[in-house]
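Understanding the architecture of this molecule
This is what each chain is made of:
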Amino acid sequence: MTKKFSLLSASVMAVAAILASAPIGAEEVKPDVAVEYVEGGRAFTKDDIPTYFIAEDGTVDWPVFSGFRRYHAECHVCHGPDGEGSTYAPALKESALAMDYYDFIEVIASGRQKVGASENSVMPAFGTNKNVMCFVDDIYVYLKARGMDAIARGRPAKKVDKPDELRAEEEECMSG
Ligand code: HEC
């Protein structure tokens, strides 16, 4: 009896192991952008990482719209319009998917320069620039949406009204 039971559980475990290691279809595993919950006017993944929310009719949430504006005010001169990249700086719509969220934010705050790179290939540090740092999560989710092709190039046509929570958050950050 005991033996039968353990044999059975061993084979159940073997099947479970095969299922767990089996690739899902032939597709590459997509970065995690799925909305798990919405809090304070922002969408988050199950790992508490900011993500975008876009309604079926294409209406973008406030952070995506804000990110579009902030990106084009502060980043696009080097990184190209719509996160597409330039000959000078990488395509951030791809970086936002490839890089860990915390690393992404760290590069924005602290800047970066490749060892040996010429002086004109520098990512400036924005850590003390409120027009960037108060909106880094917006810029991040905007670029993530671009990387996933969830929004087209250009200004999003439809957006939700600015949520009160985000208005308050912005005022606090900009005056703090
Ligand atoms: C003056 C030009 C310039 C501006 C403005 C600029 N960047 Fe950069 N950025 C660069 C360069 C050049 C690199 C590549 C640096 C390297 O790897 O040495 C870079 C790299 C990065 C990276 C790392 C990307 C990767 O795939 O490794 C991130 C993230 C980034 N920038 C975000 C931003 C954001 C967000 C803004 C706007 C708030 C911004 N940058 C504005 C020039 C700029």
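For the structure itself, look to the data block above.
Here we summarise the structure given alongside this text. (Residues numbered from 1 in each chain as written. Predicted model: local features only at pLDDT ≥ 70, side-chain atom pairs only at ≥ 80, totals over all residues. Heavy atoms only, no water.)

1. Points about the overall build of the protein chain
Which entries qualify depends on this criterion: Each helix is a run of H or I in the DSSP string that is no shorter than four residues. Each strand is a run of E no shorter than two, and both are numbered from the N terminus. Remark: exposure states derive from per-residue accessible area (1.4 Å probe, protein chains only) relative to the maximum for the residue type, with buried under 20%, exposed over 50%, and partly exposed in between. Between two residues, a contact is recorded if the distance between any of their heavy atoms is within 4.5 Å. Note on areas: Shrake-Rupley with a 1.4 Å probe; residue coverage comes only from the protein chains shown.
Tallying secondary structure elements over the protein chain gives eight helices and five strands in all. Burial analysis of the protein chain (176 residues in total) assigns 35% to the buried set. Residue pairs in contact within the protein chain that sit at least 24 positions apart in sequence constitute 57% of those at least 6 positions apart. Summed over its atoms, the accessible surface of the protein chain is roughly 11,100 Å², and 57% of this surface lies on carbon and sulfur atoms.

2. Quick notes on the coordination of the iron atom of the ligand
In a perfect tetrahedron of four donors around a metal, the angles come out at 109.5 degrees. In a perfect octahedron of six, they are 90 or 180 degrees. Convention followed: Listed donors are limited to N, O and S atoms within 2.8 Å of the metal, widened to 3.2 Å for Na, K and Ca; water is not among them, so incomplete-looking sites are possible. A site with four donors is called tetrahedral when every donor-metal-donor angle falls between 85 and 135 degrees; four donors are called square planar, and six octahedral, when opposite donors sit more than 155 degrees apart and all other angles fall between 65 and 115; any other arrangement is irregular.
Taken together, the protein ligands of the iron atom of the ligand are His79 (NE2) and Met123 (SD), with distances of 2.0 to 2.1 Å. Its six donor atoms give the iron atom of the ligand angles of 87 to 179° at the centre, a pattern that matches the octahedral case. Pair noted here: histidine 79 is in helix α3 (residues 76-79) and methionine 123 is in strand β5 (residues 122-123), with a separation of 44 residues, a long-range link. Each of the two residues, histidine 79 as well as methionine 123, counts as buried.

3. A few points about the site of the ligand
Condition: Think of it this way: one heavy atom of a residue within 4 Å of a molecule or strand is enough to make that residue near it. Each polar contact in these results corresponds to two N or O atoms within 3.5 Å; when the atoms are within protein, one needs to be able to donate a hydrogen and the other to accept it, and residues that are neighboring in sequence are counted only if both atoms are side-chain atoms. In the scheme used here, Gly and all other residues not listed as nonpolar or charged are polar, with Ala, Val, Leu, Ile, Met, Phe, Trp, Tyr, Cys and Pro taken as nonpolar and Asp, Glu, Lys and Arg as charged.
Every one of the 24 residues lining the ligand counts as a neighbour, but Cys75, Cys78, His79, Ser95 and Met123 are closest to it. At 2.8 Å, a side-chain N or O of histidine 79 approaches a nitrogen atom of the ligand. Serine 95 places a side-chain nitrogen or oxygen 2.6 Å from an oxygen atom of the ligand. Taken together, the residues of the shell around the ligand break down into 17 nonpolar, four polar and three charged.

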